[in-house]
Amino acid sequence: MATLISPSILAAQLAYLGAAAKQIEEAHADYVHIDVMDGHFVPALTFGEQITAAIHQETKLPLDIHLMVAKPEIEVPKYFALNPAIITFHYEATNAPIRLLEEIRSHKIKAGISINPRTPVSALKDLVRYFDVVLLMTVEPGFYGQKFIEASWERLSALEHLKAAAKSAGHTFQIEIDGGVSDTNAAKLVAEGADILVSGSYLFKGNMKERVQSLKGNK
Ligand code: DX5
Ligand code: ZN
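Predicted model, so just to flag it, every value in this text is computed and none were measured.

1. Focus: the pairing of strand β7 (residues 174-178)
Working step 1: Burial of β7 is extensive: five of the five residues sit out of reach of the surface.
Working step 2: Handedness of the β-α-β unit built from strand β6 (residues 133-137), helix α5 (residues 152-168) and β7 comes out right-handed.
Working step 3: Inspection of the sheet shows β7 paired to strand β8 (residues 196-199) by three bridges, in the parallel sense. Note on β8: the bridge partner recorded for Glu-176 is Ile-196.
Working step 4: In terms of handedness, the path from β7 via helix α6 (residues 186-191) over to β8 forms a crossover that is right-handed.

2. Here we look at the sheet that holds strand β1 (residues 4-7)
Working step 1: Here we have eight strands laid out as an open sheet, ordered β1-β8-β7-β6-β5-β4-β3-β2, and parallel in their pairing. Each edge of the sheet is formed by a strand with only one pairing partner; in this case those strands are β1 and β2 (32-37). Here the strands of the sheet are splayed against their neighbours by 20° on average, with no regard to which way each runs.
Working step 2: Here β1 runs beside β8; their pairing, made up of four bridges, is parallel. Residue pairing for β8: Ser-6 is matched across the bridge by Val-198.
Working step 3: Against the sheet, helix α4 (residues 97-106) makes contact with β4 (86-90) and β5 (110-115), and its axis sits at roughly 145° relative to β5, the strand it touches most.

3. Thoughts on the site of ligand 1
Working step 1: Lining the immediate environment of ligand 1, one finds 20 residues, of which Gly-142, Gly-145, Asp-178, Gly-200 and Ser-201 sit closest.
Working step 2: At 2.9 Å from an oxygen atom of ligand 1 is found a main-chain nitrogen or oxygen belonging to Gly-180.
Working step 3: One nitrogen or oxygen atom from the side chain of Ser-201 is found 2.6 Å from an oxygen atom belonging to ligand 1.
Working step 4: The protein chains hide 100% of the 380 Å² of surface that ligand 1 would expose on its own.
Working step 5: Where the shell around ligand 1 is concerned, the elements lending two or more residues are β2, β3 (63-68) and β8.
Working step 6: At three residues, β2 tops the list of elements feeding residues into the shell around ligand 1.
Working step 7: In the shell around ligand 1, the residues fall into eight nonpolar, 10 polar and two charged.

Thresholds, definitions, all that
Residues numbered from 1 in each chain as written. Chains lettered and ligands numbered in written order. Predicted model: local features only at pLDDT ≥ 70, side-chain atom pairs only at ≥ 80, totals over all residues. Heavy atoms only, no water. Buried < 20%, exposed > 50% of the residue type's maximum accessible area, 1.4 Å probe, protein only. Helix = DSSP H or I, 4+ residues; strand = E, 2+ residues; numbered from the N terminus. Right-handed = clockwise from strand over helix to strand, strands pointing away. Pairing = 2+ DSSP bridges. Axes fitted to C-alpha atoms, helices over the stretch in contact; angles between N-to-C directions. Contact = heavy atoms within 4.5 Å. Near = heavy atom within 4 Å. Polar contact = N/O pair within 3.5 Å; in protein donor to acceptor, adjacent residues only side chain to side chain. Areas by Shrake-Rupley, 256 points an atom, 1.4 Å probe, with all protein chains shown as cover. Nonpolar A, V, L, I, M, F, W, Y, C, P; charged D, E, K, R; others polar.

It is worth stressing that arrangement in space is one thing and function is another; only the former is reported here.
Here is the structure:
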């Protein structure tokens, strides 16, 4: 399957979110990645459901919502009405991930779980039947424009093994990579199993249309 590209709108000029949403659509990306940060789970405070709804009105592209929030049980349901393609919350932020994953799925939305660079991939082992997407953080969450953490390669390989094991038990999920993705590592990420690439600064700092194609491996 072709690699899916999810530009992180956090790296846009934030006073012009509508224009950025249109730019992402015209670049033939697959999703708009929305980084919701609450000032608690991470120090920064970015968008909430109201600004996300306003972005949604400006584009036909499906939303890929990444919640970096301390209380996902409270925040996740606020996004159901927007009918996004994916809602992802952090493993580290909840003691009841199964209930929350099931709640997301019950709205016919892909249920995503994210792990920070310090959380072992093995933490997801008992959850494989409940999620549709794993968002592997390849930088510490909180800011765009950081450098890809090299130890992520081993984590991606562990996740590929988890995916293979899940498959033999009849379950599957997509692997989404978030943080420091550019033309320097995209091809290798895809070769090692990535299905969805999030990218912020790389896409917004150049010709986005060309760069989306280069992340897809079409150049
Ligand atoms: C980091 C966010 C990422 C970030 C990606 O906390 O989750 O989505 O905006 O931006 P780049 O591609 O610049 O690392
Ligand atoms: Zn993100």
